[in-house]
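Okay, here's what each chain looks like letter by letter:
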Amino acid sequence: MIFDDGTVLDGEGFGYSTTAFGEIVFNTGMVGYTEALTDPSYNGQILTLTYPLVGNYGVPDPSVKDSDGISKFFESDRMQIRGLVVHELSLTASHWNLAMTLDEWLYNEKVPGISGIDTRELTKKLRTSGVMMAALVVSDTEIDIEKIKAELVSATHYNSEQFMDIVSTKKEQFFGQGNESVVVVDTGTKNAIIRNILEIGYKVILVPWNTSYEKIMSYNPKGVVLSSGPGDPQKCPNTIDTAKQLIENNVPTLGICLGAQIIGIAGNTETYKLKYGHRGQNKSCINLENNQVYVTSQNHGYGITPESIEKSDFKLWFTNADDKTVEGIKHKTQNCIAVQFHPEASPGPFDCKFVFDELKHLMEK
């Protein structure tokens, strides 16, 4: 591994032999790599898992679908990460649902991995210096480090990448059998978001990230969800314009993660890039309406600027118990709510699934 600050780390390669460039980030979750590696929010990133042993329960069969045609064990139809960094890779795996090992899965998806890395030391480095660009090289032959360093300098920086054409659906998709529908604007939707909307009794219409307000309303939805996803919310101007119209016309709307930032911008908040982001399954957030603490699953590198809320159209709903970052907002007058964490969990706790019930309440009142 080669970092853009010149650091070089040696380890043992696994998965696919290739060179990957991306922003290196860390996730503090103990389990859930199957869901994490297929989360579109990780597109463009090399993921470090801080838990020291990874892969011991293997990987389930990607072809298994539920009754609604959604992948049963994965959050999208492919691996989204550019590369994987672990301390110790389990070469054998045991689980009732096992179809292949983690090594085999990465090879099949043409994604490189590296083991034998002190991932906790690496995490401390990222917490101190902030996330940075890196190259992950898996090769059977000797590696020309200076050549890779030169390629890393010229590689497209994560902050400049346009992710929507990669992660968003190209055409509308329909899920479920309900009479009334919720439109999900796909800026990198996890399958769990669709599952949770189906659970509250609505069918789902998944539409591309740049779908116009008029097109969304042509489906006559009861509500709209702006999904999670990768990258800078400012790179989604069409979605921001759509969110403004949804708010103006008081369409019941829920924003999740990237969708929360987009809704925030539409309501006059500002956004910024966090030093190293929030990625894990045990991030504590405080609901300011009842002063209750919830354990949340998170995966984001951008957030809403706390100081900008006061002059915006929103009031603060959730705040992070550790660093006081913005974790949820509610519109002061309209039927619009947004959360920075993942209420759909997957992987993670179910504490915040009630957020979908909040959306249902907005749609039914």
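Source: prediction; values computed, not measured. (Residues numbered from 1 in each chain as written. Predicted model: local features only at pLDDT ≥ 70, side-chain atom pairs only at ≥ 80, totals over all residues. Heavy atoms only, no water.)

Moving on: the nonpolar core. Counting 41 residues, the largest nonpolar core has Met164, Val183, Val224, Leu226, Ile262, Ile263 and Ile329 as its most contacted members. The biggest single contributor to this core is helix 9 (residues 258–266), with six residues. Discounting chain neighbours no more than four positions away, the residues touching Ile329 are Ala260, Gly264, Ile304, Ile309, Phe314, Lys315, Trp317, Ile337 and Ala338. One finds Val182, Ile256, Val355 and Leu362 within the second-largest nonpolar core, a separate group that totals 30 residues. (Core = buried A, V, L, I, M, F, W, Y, C linked by side-chain atoms within 4.5 Å. Buried < 20%, exposed > 50% of the residue type's maximum accessible area, 1.4 Å probe, protein only. Helix = DSSP H or I, 4+ residues; strand = E, 2+ residues; numbered from the N terminus. Contact = heavy atoms within 4.5 Å.)

This part takes up the environment of Lys215. When you line up the elements, Lys215 lands in helix 7 (residues 213–217). A relative accessible area of 38% places Lys215 in the partly exposed class. On a C-alpha basis, the gap between Lys215 and Phe3 in space is 44 Å, while along the polypeptide they are 212 residues apart.

Strand order in the open sheet formed by ten strands is 10-12-11-13-14-19-18-17-15-16, and the pairing between neighbours is mixed. Bordering the open sheet on either side are strand 10 (173–175) and strand 16 (292–304), each of which pairs with just one other strand. Pairwise comparison of adjacent strand axes, ignoring direction, gives a mean angle of 25 degrees for this sheet. Where strand 14 (residues 253–256) and strand 19 (residues 336–339) come together, four bridges link them in parallel fashion. What sits directly across from Thr253, in strand 19, is Cys336. (Pairing = 2+ DSSP bridges. Axes fitted to C-alpha atoms, helices over the stretch in contact; angles between N-to-C directions.)

A separate point is unusual backbone geometry. Residue Ser346 is joined to Pro347 through a cis peptide bond whose omega torsion reads -5 degrees. Along the chain, Pro347 turns up in the loop between strand 19 and helix 10 (354–364). Unlike most non-glycine residues, Asn250 shows phi in positive territory, near 60 degrees. Along the chain, the position of Asn250 falls in the loop between helix 8 (237–248) and strand 14. Its identity is not glycine, yet Cys257 carries a phi of approximately 60 degrees, on the positive side. Take Cys257: it is sitting in the loop between strand 14 and helix 9. The exposure class of Cys257 is buried, given its relative accessible area of 1%.

With mixed pairing, the seven strands of this open sheet are ordered in space as 1-9-3-4-6-8-2. Each edge of the sheet is formed by a strand with only one pairing partner; in this case those strands are strand 1 (2–3) and strand 2 (12–15).

Relative orientation of the contacting elements helix 8 and helix 9 amounts to 65 degrees, with a least axis distance of 8 Å. Judged on the interaxial angle alone, helix 9 and helix 8 are roughly perpendicular. In this structure, helix 8 meets helix 9 at a crossing whose hand is right-handed. On helix 9, the residues that touch Thr239, Ile240, Ala243, Lys244 and Ile247 of helix 8 are Ile262, Ile263, Ile265 and Ala266. (Parallel < 35°, antiparallel > 145°, perpendicular 65-115°, else oblique. Left-handed = near helix turned anticlockwise from the far one by under 90°.)

Here the focus is the pairing of strand 13 (residues 223–226). In strand 13, alternate side chains face the same way, and those of Gly223 and Val225 on one face and Val224 and Leu226 on the other are all buried. Two strands pair when backbone bridges link them, and strand 11 (residues 181–186) and strand 13 are joined in this way by four bridges, in the parallel orientation. By the bridge assignment for strand 13, Val182 is matched with Gly223. Taken together, the three bridges between strand 13 and strand 14 define a ladder with parallel strand orientation.

Here we take up the pattern of salt bridges. Any two side chains of opposite charge can pair, so long as their charged atoms come close to each other. Per the stated rule, a full pass over the model turns up eleven salt bridges. Glu121 serves as the salt-bridge partner of Lys124, at 3.8 Å between the closest nitrogen and oxygen. Note that Lys124 and Glu121 are positioned in helix 3 (residues 119–129) at a spacing of three residues, about one turn of the helix. Of the residues examined, Glu121 reaches a relative accessible area of 45% and is grouped as partly exposed. Linking Lys353 and Glu199 is a salt bridge whose minimum nitrogen-to-oxygen distance equals 3.5 Å. Linking Lys353 in the loop between strand 19 and helix 10 with Glu199 in helix 6 (residues 191–199), this pair joins segments that are 154 residues apart in sequence. (Salt bridge = Lys/Arg side-chain N within 4 Å of Asp/Glu carboxyl O.)

This brings us to helix 8. Taking 1.5 Å of rise per residue, the twelve residues of helix 8 would be expected to cover 16 Å, and the 17 Å separating its terminal C-alpha atoms lies within 8% of that figure. Residues of helix 8 that are buried: Thr239, Ile240, Thr242, Ala243, Leu246 and Ile247. The arc that holds the buried residues of helix 8, viewed along the axis, is 160 degrees, so those residues lie on one side. Positive backbone phi, at 60 degrees, marks Asn250, one or two positions downstream of helix 8. (Expected span 1.5 Å × (residues − 1). Arc of directions from axis to C-beta.)

Here the structure, examined in full by the defined rule, presents eleven aromatic pairs. With a centroid separation of 5.1 Å and an interplanar angle of 45 degrees, the aromatic rings of Tyr158 and Phe163 are classed as tilted. Classification of Phe163 by relative accessible area gives buried; the value is 4%. Taking 5.1 Å as the distance between ring centres and 40 degrees as the angle between the ring planes, the aromatic pair formed by Tyr294 and Phe354 counts as tilted. (Phe/Tyr/Trp six-rings, centres within 6.5 Å; stacked < 30°, edge-to-face > 60°.)

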